[in-house]
Structure formats: structure tokens, C-alpha cells
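Per-entry structural report
One-letter residues, chain by chain:
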Amino acid sequence: MEETTQEKNLNSEFDFTKLSSICYKEKDPTYYEHLETYIYDQDFETVWDSYVTISPEKAWSGRMIHFHRLYSRNTQEEVFPGQVYTGEMGIGQVLILNLHIFSGVIKLQVGHEVMEIDKKKQMIKICYLENSKSEGSQYVRFKSLANGKTEVAHQSFYRSGSWFRDKFIYPYFHTKAINEFHNNVRKSMAVSQ
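Parameters at a glance
Residues numbered from 1 in each chain as written. Predicted model: local features only at pLDDT ≥ 70, side-chain atom pairs only at ≥ 80, totals over all residues. Heavy atoms only, no water. Disulfide = S-S within 2.5 Å. Helix = DSSP H or I, 4+ residues; strand = E, 2+ residues; numbered from the N terminus. Buried < 20%, exposed > 50% of the residue type's maximum accessible area, 1.4 Å probe, protein only. Pairing = 2+ DSSP bridges.

What the rule picks out here adds up to one disulfide. Here Cys23 pairs with Cys127 through a disulfide, and the sulfurs are 2.0 Å apart. Negative torsions about the S-S bond denote left-handed disulfides, and the value of about 115 degrees found for Cys23 with Cys127 makes this one right-handed. Within this pair, whereas Cys23 is found in the loop between strand 1 (21-22) and strand 2 (32-40), its partner Cys127 is found in strand 7 (residues 123-129), the two being separated by 104 residues in sequence. Note on accessibility: Cys23 and Cys127 belong to one class, buried.

Right, let's talk about the pairing of strand 7 for a bit. Judged by how many residues are buried, strand 7 sits mostly within the fold: seven of seven residues are covered. Here strand 1 runs beside strand 7; their pairing, made up of two bridges, is antiparallel. For Ser21, the partnering residue across the bridge sits in strand 7 and is Leu129. In this sheet, strand 7 lies alongside strand 6 (residues 106-118) in antiparallel orientation, the contact comprising six bridges. From the neighbouring strand, Val114 faces strand 7, where its bridge partner is Ile126. Where strand 6 folds back onto strand 7 in an antiparallel hairpin, the turn is made up of four residues, including Gln122, whose phi is positive at roughly 55 degrees. When strand 7 meets strand 8 (residues 135-144), the two strands line up antiparallel, connected through five bridges. Along strand 8, the bridge assignment pairs Cys127 with Ser137. Two successive antiparallel strands, strand 7 and strand 8, enclose a turn made up of five residues, where Asn131 displays a positive phi of approximately 80 degrees.

Dropping the structure here:
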């Protein structure tokens, strides 16, 4: 028997209606900044489409990051690993991810919410969900290059209340996590060509 979205909501470990996002407040000096840049051989249209259409399970799966579930505030739909998801990335989507640190010795759960998707500005904005280890925002910005390639810059503004964590631990593991994410998008582009 197939479980419906409503049945899953009743049994959900999260009450998504009560969770909010804590975004970066511009010009706030208490936030740290982290930047990684990726170059793709494809043009902007191809790269943009790949980012907004990749399934969450494909996007957020790797040695360290694991897709746990997606919840849409707009439709109240929940998507779990193994389910086929045909929608695109959308504003109000909440992503719950499991992080396996040191080959799974430490397991953390983090939440993000998609706050903005603006093709004209060539930008996607994602904020941390409350109760995550960090608060702040991640900006994925796209730039067409003169040679027909596309640059994707992943800029994060974050803070956790722990100077040591923010200065030394977060940058290392955040880089590993977003590298897995961007490499998954790169792989999906290669398969679709």
C-alpha cells in the first residue's frame, strides 16, 4: 500500500509549519563569509536549468551529505529518499539533510530553506533553518563567461555562536558538503548531454 503525503505529514518528525529560517542580515559583522567557485563548460541556460531541475536526492547525496526529506511550504508535499520527484526547486522548499562526518562517526542533521530563485539576477538564495548548528544564508550566483562557459559562485554567510567552530570547523566541512552538491549537478549535466 502506498503511503500518501497526508499520511506522512501526520507521522512527520518535524512540524514544518512551526519552523522558520534564520537568514543573513546584510552588513552584520558577526557573520563569517565563505566562498567557493566552480566553472562549467556549458552555457548559463544549461547550467541554470540543471541546478533548478535536479532532483533533491541526486543533488544532496554523497559520502558526506545524504538527502533526508524535502517539504514544500506551498503544497505541503513531503518527499523522501527513493521517491520520484518531478518538480523543480522552488521558493519555500525546506531541505533536511544528514551529514556523516568522519565516515559517519559523527552524524548531524541540518535544514535549509529555498528563499529566492531569480533567473534574471542569476541567483539562488538558501537560508538555514532554525535549530541547525548555524544560521545565515547561502547564495549561488551564476555568471556567463566570455568563452561560453559559466561560473557558479557559492557564497555563504554564517554564524553559530562558537568562534572556534565558525573559524576552523565550519569552513572545512562546508567546503566538502558543497563540493559534493556542485559535483552532483556537474554529473547530472554530463548525463543529460
